[in-house]
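# Inside the fold
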Amino acid sequence: MTSLFPSFATHKNSLIVGVIPAFHLYGANHWPTTPCATSSCHPTERHFPFTDTSNMPIVKYPRAREPLYYEWDRKAQKCGLRHTVFAVNGDQYTGEWLNNLKHGKGTQIWKSTGAIYSGDWKFGKQDGYGSYSIPDPVTKEYKRVYTGWWKNGQRTGQGVWFYPNGERYEGEWSGGVRGGWGRMYYRDGSSYEGQWEADQPNGQGMLRLANGNRYEGGWKDGKKHGPGRYFYVDKGQLLEGTWAEDIAKCGILVDFDRDKAPAPTKYPIPKIELDDPAGVLAAAQALLDDSDN
């Protein structure tokens, strides 16, 4: 038997207001009917005793709801300039937002270290120009650690890094480490200027020592490597040769600005000359002629 009442099929996770056919509620053999009183009806036909659909049985399913904090977060979406916002771990940020992400100018303070970053942000990460400082463990005064450019949360581009021991690096950064062209000032008074890769001198560069001596040439993994020249300014000498892993393997040592050296060697390097260059050349030619014959 076909029910006269509508039935609605909906997804199980949606709001369901459905009407279950009375056939399923009462059963096929217990459906309350009355005989048809009109001559147009078949004797076996039955009319339903009610037509008011307001009294029809209704089955309602509870609506599936997402956690409340999703709704709270949507209502708290941060855009534009905001006052200080505290994170659950105690970190705090004051500045501009975009779609609930730090974006624009802002200052972040990390509770665990006390470090401060003040500068540009992009989609939740340091991006642009900014400075990073940490508190001194004794005086609690803030000291600059890095000032320069950032990309995707890492030091990238031109910047200056201040080391705790007084050393300083000025130059290019790549992926958070020294990379490109830069100048490093060491604590002992020496300095290096040249190419960097993977946070170490790599390529061509010059190392100048505190006493004025300097090396100009190739570098690999932070060590002198390849062709280069070492100027002994204090002694007035020059070594030109080839280095491997910081050691000079071969080269030529000559006097260089000996008269200007503060502590020159006792004797100059003697010139090595042939006693009879013409005779040596003639003997070599004779040997060559004999080999041809």
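Described below are features of the structure shown in this document. (Residues numbered from 1 in each chain as written. Predicted model: local features only at pLDDT ≥ 70, side-chain atom pairs only at ≥ 80, totals over all residues. Heavy atoms only, no water.)

### A closer look at the overall build of the protein
The helix and strand tally for the protein stands at 3 helices and 19 strands. Looking at the protein as a whole, 27% of its 293 residues are labelled buried. For the protein, long-range pairs separated by at least 24 residues make up 12% of all intrachain contacts whose partners lie at least 6 apart in sequence. Accessible area for the protein stands at about 20200 Å²; split by element, carbon and sulfur atoms hold 55% of it. (Helix = DSSP H or I, 4+ residues; strand = E, 2+ residues; numbered from the N terminus. Buried < 20%, exposed > 50% of the residue type's maximum accessible area, 1.4 Å probe, protein only. Contact = heavy atoms within 4.5 Å. Areas by Shrake-Rupley, 256 points an atom, 1.4 Å probe, with all protein chains shown as cover.)

### Re the packing of aromatic side chains
Counted by the stated rule, this structure contains 19 aromatic pairs. With centroids separated by 5.4 Å and ring planes inclined at 65°, the aromatic side chains of F231 and F256 adopt a geometry described as edge-to-face. With F231 in strand β17 (residues 223-232) and F256 in the loop between β19 (247-255) and α3 (277-292), this residue pair connects regions lying 25 residues apart in the sequence. Given a relative accessible area of 3%, F231 falls into the buried group. (Phe/Tyr/Trp six-rings, centres within 6.5 Å; stacked < 30°, edge-to-face > 60°.)

### With respect to a nonpolar patch on the surface
A grouping of L98, L101 and F123 is seen on the molecular surface, where their side chains present a nonpolar patch of about 250 Å² in accessible area. As for its position among the elements, F123 is in the loop between β8 (116-122) and β9 (125-135). (Patch = residues over 30% accessible without salt bridge, like charges linked within 9 Å, V, L, I, M, F, W, Y side chains within 5 Å. Salt bridge = Lys/Arg side-chain N within 4 Å of Asp/Glu carboxyl O.)

### Some thoughts on the pairing of strand β18 (residues 237-244)
As defined by bridge partners, β17 adjoins β18 across 7 bridges and the pair is classed as antiparallel. The residue bridging R229 from the neighbouring strand is E240, located in β18. Counting the residues between successive antiparallel strands, the hairpin from β17 to β18 contains 4 residues, one of them, G236, with a positive phi of roughly 75°. Pairing of β18 with β19, which is carried by 8 bridges, proceeds in the antiparallel orientation. Counterpart to G241 in the pairing with β19 is G251. Once β18 ends, the chain turns through 2 residues before running back antiparallel as β19, passing E245 with a positive phi of about 55°. (Pairing = 2+ DSSP bridges.)

### Some remarks on the environment of Y230
With respect to the helices and strands, the residue Y230 is situated in strand β17. Between the alpha carbons of Y230 and R208 there is a distance of 10.0 Å; along the sequence they are 22 residues apart.

### Some thoughts on the environment of A263
The residue A263 is located in the loop between β19 and α3 in this model. Each C-alpha atom, one on A263 and one on K235, is 5.3 Å from the other, the two residues being 28 residues apart in sequence. For A263, the residues in contact, after removing those within four places along its chain, are D234 and K235.

### Remarks on the environment of P264
Mapping P264 onto the fold places it in the loop between β19 and α3. Take P264: its relative accessible area is 39%, and that puts it in the partly exposed class. Through-space distance from the C-alpha of P264 to that of V233 is 8.8 Å; in sequence the pair is 31 residues apart. Once you skip the residues sitting within four places of it in the chain, P264 turns out to touch D234, K235 and R258.

### Quick word on the pattern of salt bridges
Taken as a whole and judged by the stated rule, the model has 9 salt bridges. The shortest N-O distance in the salt bridge between D120 and K105 comes to 2.6 Å. You can see D120 sitting in strand β8 and its partner K105 sitting in strand β7 (residues 101-109), a full 15 residues away along the chain. By relative accessible area, D120 is classed as buried at 16%. Accessibility expressed as a relative area gives 51% for K105, which makes it exposed. We note a salt bridge from D199 to R178, for which the minimum N-O separation is 2.8 Å. Of this pair, D199 sits in the loop between β14 (191-197) and β15 (200-208) while R178 sits in strand β13 (residues 177-185), and the two are 21 residues apart along the sequence. You can call D199 partly exposed: its relative accessible area is 28%. Residue R178 is classed as buried on the basis of its relative accessible area of 11%. It is possible to trace a salt-bridge network through shared partners that takes in R168, E170, R183 and E193.

### Examining the pairing of β14
When β13 meets β14, the two strands line up antiparallel, connected through 6 bridges. Bridge pairing in β14 links G182 to G194. With 6 bridges joining them, β14 and β15 adopt antiparallel strand pairing. Within β15, the position partnered with E193 by the bridge is M206. Where β14 hands over to β15, the hairpin turn is made up of 2 residues, of which A198 adopts a positive phi near 55°.

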